[in-house]
Structure formats: structure tokens, C-alpha cells
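# Structure at a glance
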Amino acid sequence: MKDYYVIGLMSGTSIDGIDLVYVNFRYDKSWNFKIINSKTYSYDKGWEIILHELLNNDIESIKEIDKKYTKHLSDCILKFINEFSIKNIDFISSHGHTALHDPSSFMTYQIGNLPNISQFTGLKVICDFRSNDIKLGGHGAPLVPVGEKYLFPEFKTFINLGGFANITKKMDNRLIAYDICPVNIVLNYLSNMIGLKYDDMGNIAKSGKLNKQLYNNLESLAYYKLNFPKSLGVEWVNNYMFPILKKFLNIPKEDMLNTFSNHFAKQIANNIDNGNKILITGGGAYNNYLIEKIKFLSNSTIVIPNSEIVEFKEALIFAFLGVLRDSNINNCYSSVTGASKDHSSGNIFIP
């Protein structure tokens, strides 16, 4: 029997904070996990601005930000360890924060994954899970499906509603996964326009009306017709979705939120196979209006787990990807990312 105690951390494109979990993984014929502690450390205004503006920086500036962000992540890890008096740690497993992600140019860059994260924390660190996959011709994303396969074996389909909606499906003894569409990255942007961080439970979207012209413009985006493997980044939103959004700034914001929510629900439902049991996690799982629309448009059983899994599933899975890397078990599948082969990805740093 194998036993691991790992701290996993994740910062998503919604920029709502750094999620940390302390998990015990145990292998006894199959993998089991227990989340012992979990916490999200919100970003202060300074970091929020820096992370929102990342794409406007050249690569040299991003490298400078990376040094400061690696220190910030390290401080959060140490704060987490002290807050919960954690003693037994095999290693830290960190996704970092995506600064650049453009698979078509074989480019991905996660900040917070520099070797000195290990020196700052005094602990073994496994991080930067995307770069090796890009070198092997893959998208470097999505990475979560391998963890879903091992840790939630009772489900065939998984959807995470974060900055983007991504889906994992178990098909013919293989995994496929891809990004469906943006979600919170756009809904939060619209909420910010009316002075809110987000649309609580989708209530504002629910109060609005669907704008048919905007809806049709969104539905005709070319990305939706592409076959998998495929992935989205902030760059795609800036280049393809925001230009459409900006043409309709004259309509009420509640109508925009309603229309975008209906569009996202339609795209998500289009990608769900009928009759399956679907596990939905991520912040969007709390958006009652969006969930209601997905349920209405699909013929499947939607399962929303307890709040700890909803909020910390990605941090949990990045902790687990570190476990697989430490054991040299494949944690990136070519059927998911489009890489030339399955492989075990992630850099290992020892203090």
C-alpha cells in the first residue's frame, strides 16, 4: 500500500485566488483520497491588476513578474502550513498561474514554477506540468482528466465550470478532453461592468432577456466546429469573443449576462452525451441559472458534489498529478492533449 501526504495548489483564469489543499492519497488496488485541509487565499488588488494585465507584458516583463509571483505562492504555502499546523508533507504539487497559453504557436508559460519555490518553502516541489507536453506536440492542456479517471471512477463525464468550461469523457477505454467555451472569464467581466465581482447565483442573468442577434453571433464562432484536441486561453477570448461583446455594449448588462449564459449553456449541452451521469465542479456550479439551462438542454443526470470538491477539485487533482509524476506513472495522455505519446510530466525541485 502506498501513502502520500501532499499539498496541491492551483490558480485559475478567473483570478479569484490561490486554492490550496492538503491531501492524503492512498493506493490499495485503486487510488483513494482524503482532503484534510483546504483554503483559498484571495489576491489583493495589486495582484489582481498584475494578473489581469499579464498578456499586455512582453516576455521579459513576465519573467520578472514570475520571480515575484513564485515568492508570493511560496508565502501562501507557508501560511497554509502554519495555519493548519501541517507536519507531514511528502511534497508540494503546483500548477502555478497561466500567463501565456497559445498551443498553435507551441507556447505555454505558467508563472510560479521557478526552482526557487523549493528553496523558499524548504520542501520538495513538483510543478510545471504543461511544458513537456507542448514539446511533444500537445496542447499542454487539459491536465485534469487523468486525475478524474483515477479519483472519480464512478463517472463517465466531467465538466469543470471555471474561467473556461472544460469537459472530460471516458470513451472506448480512452480519455478525451477539451475546452468547450469560456464561462466565468466573460460572465465576471460583464459583472465587473456593473460594479460586481460576479453575478451571484446567476440572478442578474436570470432577470435579463436574450438578445437574438448577439446570441447568433456567438453561436457562429469557428472554435465550436473544431474537433478535439483543442483548448482555449485568454488570448482567444480577447481576439474572438470580446470584439463581438463590444459591438453590443449598448444593450442592458442583464441582457448581455442572460445571452452569454444561454450561449454557454447551449455549447455545454451540445457536448454532453445523453443519458450519462455528469459531475459538474468549479465556481460555475453555484450559478443556478446556468445549471438550470444546462439541465433543460440536456438529457443527462447532473451531479453537483459537496462544496469542497466543487471548489478544490482542480487543486486536488494537481496534487495527484504530482503523485503520479513522483511514481513516474503517465499523467498526460496523448488522446487528451494531442501529444505524440503518453508521458509523465512535471519538473521536480529539491531544496
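Our subject is the structure that appears above.
In what follows, the accompanying structure is described. (Residues numbered from 1 in each chain as written. Predicted model: local features only at pLDDT ≥ 70, side-chain atom pairs only at ≥ 80, totals over all residues. Heavy atoms only, no water.)

### Digging into the overall build of the protein chain
Heads up, the condition is: The way it works is that DSSP assigns letters per residue, a run of H or I at least four long becomes a helix, a run of E at least two long becomes a strand, and they are numbered from the N terminus. The size measure is the radius of gyration over C-alpha atoms, and the globule rule it meets is 2.2 Å times the number of residues to the 0.38 power. Under the scheme applied here, a residue whose accessible area is under 20% of the maximum for its type counts as buried, over 50% as exposed, and between as partly exposed, the area being computed with a 1.4 Å probe on protein chains only. Two residues qualify as a contact provided that any one of their heavy atoms is within 4.5 Å of a heavy atom in the partner residue. Accessibility throughout is a Shrake-Rupley quantity obtained with a 1.4 Å probe, and a residue counts as covered only by protein chains that appear here. Note on charges: Lys and Arg go in the positive column, Asp and Glu in the negative column, and His and the chain ends are not counted at all. Every charge is mapped to an atom, namely NZ of Lys, CZ of Arg, CG of Asp or CD of Glu.
Per the secondary structure count, the protein chain includes 13 helices and 13 strands. A compact globule built from 351 residues should have a C-alpha radius of gyration of about 20 Å, and the protein chain, at 19 Å, falls within 12% of that. Along the longest, intermediate and shortest principal axes, the C-alpha atoms of the protein chain span 55 × 45 × 40 Å. The buried share among the 351 residues of the protein chain stands at 57%. Considering only intrachain contacts with a sequence separation of at least 6, the fraction spanning at least 24 residues in the protein chain is 69%. Carbon and sulfur atoms make up 49% of the accessible area of the protein chain, which amounts to about 15100 Å² in all. Taking the average location of the 36 positive side-chain charges in the protein chain and that of its 34 negative ones, the two points are 4 Å from each other.

### Some thoughts on the pattern of salt bridges
Rules: For salt bridges, the criterion is a side-chain nitrogen of Lys or Arg within 4 Å of an Asp or Glu carboxyl oxygen.
As enumerated under the stated definition, the model contains ten salt bridges in all. Put simply, Lys45 and Glu48 hold a salt bridge, and the shortest N to O gap is 3.4 Å. With Lys45 and Glu48 both in helix 1 (residues 45-52) and three residues apart, the pair spans about one turn of that helix. What makes Glu48 buried here is its relative accessible area of 11%. A salt bridge links Asp75 to Lys71; its shortest N-O distance comes to 2.8 Å. Pair noted here: Asp75 and Lys71 are both in helix 2 (residues 59-83), with a separation of four residues, about one helical turn.

### Here's the deal with the side chain of Asn331
Within the secondary structure layout, Asn331 lies in the loop between helix 12 (307-326) and helix 13 (334-337). Sequence-distant contacts of Asn331, that is, excluding residues within four places in its chain, are made with Phe129, Leu143, Val146, Leu321, Leu324, Arg325, His343, Ser344 and Ser345.

### Thoughts on unusual backbone geometry
The omega torsion of the bond from Ala141 to Pro142 falls at -10°, within 30 degrees of zero and hence cis. With respect to the secondary-structure elements, Pro142 resides in the loop between helix 4 (131-135) and helix 5 (145-151). The backbone phi angle of Asp128 is positive, close to 55°, even though this residue is not glycine. Among the structural elements, Asp128 can be located in the loop between strand 7 (125-127) and helix 4. Positive phi values are uncommon outside glycine, yet Asn328 reaches one of about 55°. Within the fold, Asn328 resides in the loop between helix 12 and helix 13.

### A word on the pairing of strand 4 (residues 91-94)
Stated formally: Only when DSSP finds a minimum of two bridges between them are two strands counted as paired.
A two-sided burial pattern is seen for strand 4, the buried positions comprising Phe91 and Ser93 on one face and Ile92 and Ser94 on the other. Direction of pairing for strand 1 (residues 2-11) relative to strand 4: parallel, over a ladder of four bridges. Counted as the bridge partner of Val6 is Phe91 from strand 4. One ladder, built from three bridges, connects strand 4 with strand 7; its direction is parallel. Residue Ser93 lies in a different strand from strand 7, and its bridge partner there is Ile126.

### Brief notes about the packing of helix 10 (residues 253-270) against helix 11 (residues 288-297)
Selection criterion: Simply put, an axis is a line fit to the C-alpha atoms, just over the touching stretch for a helix, and the angle between two N-to-C directions goes from 0 to 180 degrees. For classification, angles of less than 35 degrees are called roughly parallel, those exceeding 145 degrees roughly antiparallel, those between 65 and 115 degrees roughly perpendicular, and all remaining angles oblique. Should the near helix be turned anticlockwise from the far one by less than a right angle, the crossing is termed left-handed; should it be turned clockwise, right-handed. Three classes are used, and their members are as follows: Ala, Val, Leu, Ile, Met, Phe, Trp, Tyr, Cys and Pro are nonpolar, Asp, Glu, Lys and Arg are charged, and the others, Gly among them, are polar.
For the pair helix 10 and helix 11, the least separation of the axes is 9 Å and the interaxial angle reads 40°. As the angle between them shows, helix 10 and helix 11 are arranged oblique. Between helix 10 and helix 11 the crossing geometry is right-handed. Contact residues: helix 10 offers Asn258, Ser261, Asn262, Phe264, Ala265, Lys266, Ile268 and Ala269, while helix 11 offers Tyr289, Leu290, Lys293, Ile294 and Leu297. Residue composition of the contact of helix 10 with helix 11, by class: eight nonpolar, three polar and two charged.

### Regarding the packing of aromatic side chains
Note the following rule: Stacked, tilted and edge-to-face are the three classes assigned to paired rings of Phe, Tyr and Trp, where Trp is represented by its six-membered ring and a pair needs centres within 6.5 Å; plane angles under 30 degrees give stacked, over 60 edge-to-face, the rest tilted. Either the NZ atom of lysine or the CZ atom of arginine qualifies as a charge over a ring when it sits within 6 Å of the ring centre and within 35 degrees of the ring normal.
Enumeration over the complete set of coordinates arrives at 20 aromatic pairs. Residues Tyr5 and Tyr22 carry aromatic rings whose centres are separated by 6.1 Å and whose planes lie at 35° to one another, so their mutual orientation is tilted. Here Tyr5, found in strand 1, pairs with Tyr22, found in strand 2 (residues 18-28); they are 17 residues apart in sequence, far enough to count as distant. Using a relative accessible area of 7% as the deciding quantity, one classes Tyr22 as buried. When the centroid spacing of 5.9 Å and the interplanar angle of 50° are considered together, the rings of Phe129 and Phe318 count as tilted. Here Phe318 lies in helix 12 and Phe129 lies in the loop between strand 7 and helix 4, a separation of 189 residues in the sequence. What makes Phe318 buried here is its relative accessible area of 2%. Taken together through their ring pairs, the aromatic side chains of Tyr4, Phe25, Tyr27, Trp31, Phe91, Tyr150 and Phe320 make up a single cluster. Here the guanidinium or amino end of Lys277 rests over the ring plane of Phe155, the centre of that ring lying 5.1 Å away.

### A closer look at the side chain of His95
Rules: Contacts described as polar in this section are N or O atom pairs within 3.5 Å, which, within protein, must combine one atom able to donate a hydrogen with one able to accept it, while residues neighboring in sequence count only if both atoms come from side chains.
Here His95 shows up in the loop between strand 4 and strand 5 (97-102). Residue His95 is classed as buried on the basis of its relative accessible area, which comes to 3%. Side-chain polar atoms of His95 contact the side chain of Arg130, separated by 2.9 Å.

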